[in-house]
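Remarks on the overall topology
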Amino acid sequence: MNDQHIAPSSLRPVRGAVRCAVATLALAGAAWAARALWQIRLAMSGMPASGPPDQGDGRHRPLTALENAYHVVSALGDVATALCAIAFLAWLPRVRDNARALSGQPPRYAWPWVYAGWIVPVLNLWVPRGIVADVHRASAPGERLPRAVNWWWGLWVAGMLSGVGLMYTDSTDSVIARAYEDVQLLLAADAALVGAALAGVFVVRALTATQIRTVETAPGASADRR
């Protein structure tokens, strides 16, 4: 930790970014919980006698009211997830820059990885967690990494690698068919992502609180720019 004076002007304000990240993480968690609820309702109703919505060869039967509702819930969930990603990626660069100002050391990952780390195959299994962990280490050297970070990342990866979680590779009609035939895997993926969203709230709050505490206790520093 750089024990020299920490100029408030060198720190980026994060109050608004924190609120948006926390709110959209909670919204995304609620959206995935809603998907799980509708998938349970689909499984309990059973597949109609006419078969799955996608009949093959480009043919689709008319959707039931429950299936139509799931399309709406799924679309709203996609919007909530997109808003969550935008808000989280607005918060992360701010605390990363503040961590650099507090430590006086450059981050281990260059700035493009703040964004590219989420989409580059294989590297997306550890780079985002590494960036978050580095923010904490730079903000509070010697302090233990909050447990929420590992819970958040473990659940995120579980949902991502399930093949039915964060990024459904199939159409919504195909997911409906899965709900009729084998809902357990869908629910497991949904549960992982709901848990990741809730753990993400604790991650955002913990890392931000660590930086605020460091600024407040630094000689001559001010926390007015939180």
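A short tour of the structure in this document, coming up.

Conventions adopted
- Residues numbered from 1 in each chain as written.
- Predicted model: local features only at pLDDT ≥ 70, side-chain atom pairs only at ≥ 80, totals over all residues.
- Heavy atoms only, no water.
- Helix = DSSP H or I, 4+ residues; strand = E, 2+ residues; numbered from the N terminus.
- Expected span 1.5 Å × (residues − 1).
- Buried < 20%, exposed > 50% of the residue type's maximum accessible area, 1.4 Å probe, protein only.
- Contact = heavy atoms within 4.5 Å.
- Core = buried A, V, L, I, M, F, W, Y, C linked by side-chain atoms within 4.5 Å.
- Patch = residues over 30% accessible without salt bridge, like charges linked within 9 Å, V, L, I, M, F, W, Y side chains within 5 Å.
- Areas by Shrake-Rupley, 256 points an atom, 1.4 Å probe, with all protein chains shown as cover.
- Salt bridge = Lys/Arg side-chain N within 4 Å of Asp/Glu carboxyl O.

1. Examining helix α4 (residues 127–139)
- When the terminal C-alpha atoms of α4 are compared, their 18 Å separation across 13 residues agrees well with the 18 Å that a helix rising 1.5 Å per residue should span.
- The buried fraction of α4 is high, at eleven of 13 residues.
- Among the residues of α4, those classed as buried are V127, P128, G130, I131, V132, A133, D134, V135, H136, A138 and S139.
- Tucked into the core, α4 has its buried residues touching α2 (65–103), α3 (113–116), α5 (147–161) and α7 (183–217).

2. Some thoughts on the nonpolar core
- Grouped together as the largest cluster of nonpolar side chains are 33 residues, with contacts concentrated most on F88, W91, L92, W152 and V204.
- Mapped by element, the contributors of at least two residues to this core are α1 (15–45), α2, α4, α5 and α7.
- Leaving out residues up to four positions away in the same chain, W152 has contacts with F88, W118, R129, V132, A196, A199, G200 and V203.

3. Considering a nonpolar patch on the surface
- Judged by side-chain polarity, L27, V79, L83 and I86 come together as a nonpolar surface patch covering roughly 370 Å² of accessible area.
- Among the elements that take part in the nonpolar patch, α2 stands out by supplying three residues, more than any other.

4. Remarks on unusual backbone geometry
- Positive phi values are uncommon outside glycine, yet V122 reaches one of about 70 degrees.
- Structurally, V122 is set in the loop between α3 and α4.

5. Concerning the environment of F202
- Among the secondary structure elements, F202 is positioned in helix α7.
- Relative accessible area serves as the criterion here: at 56%, F202 is assigned to the exposed category.
- Between the alpha carbons of F202 and R147 there is a distance of 9.3 Å; along the sequence they are 55 residues apart.

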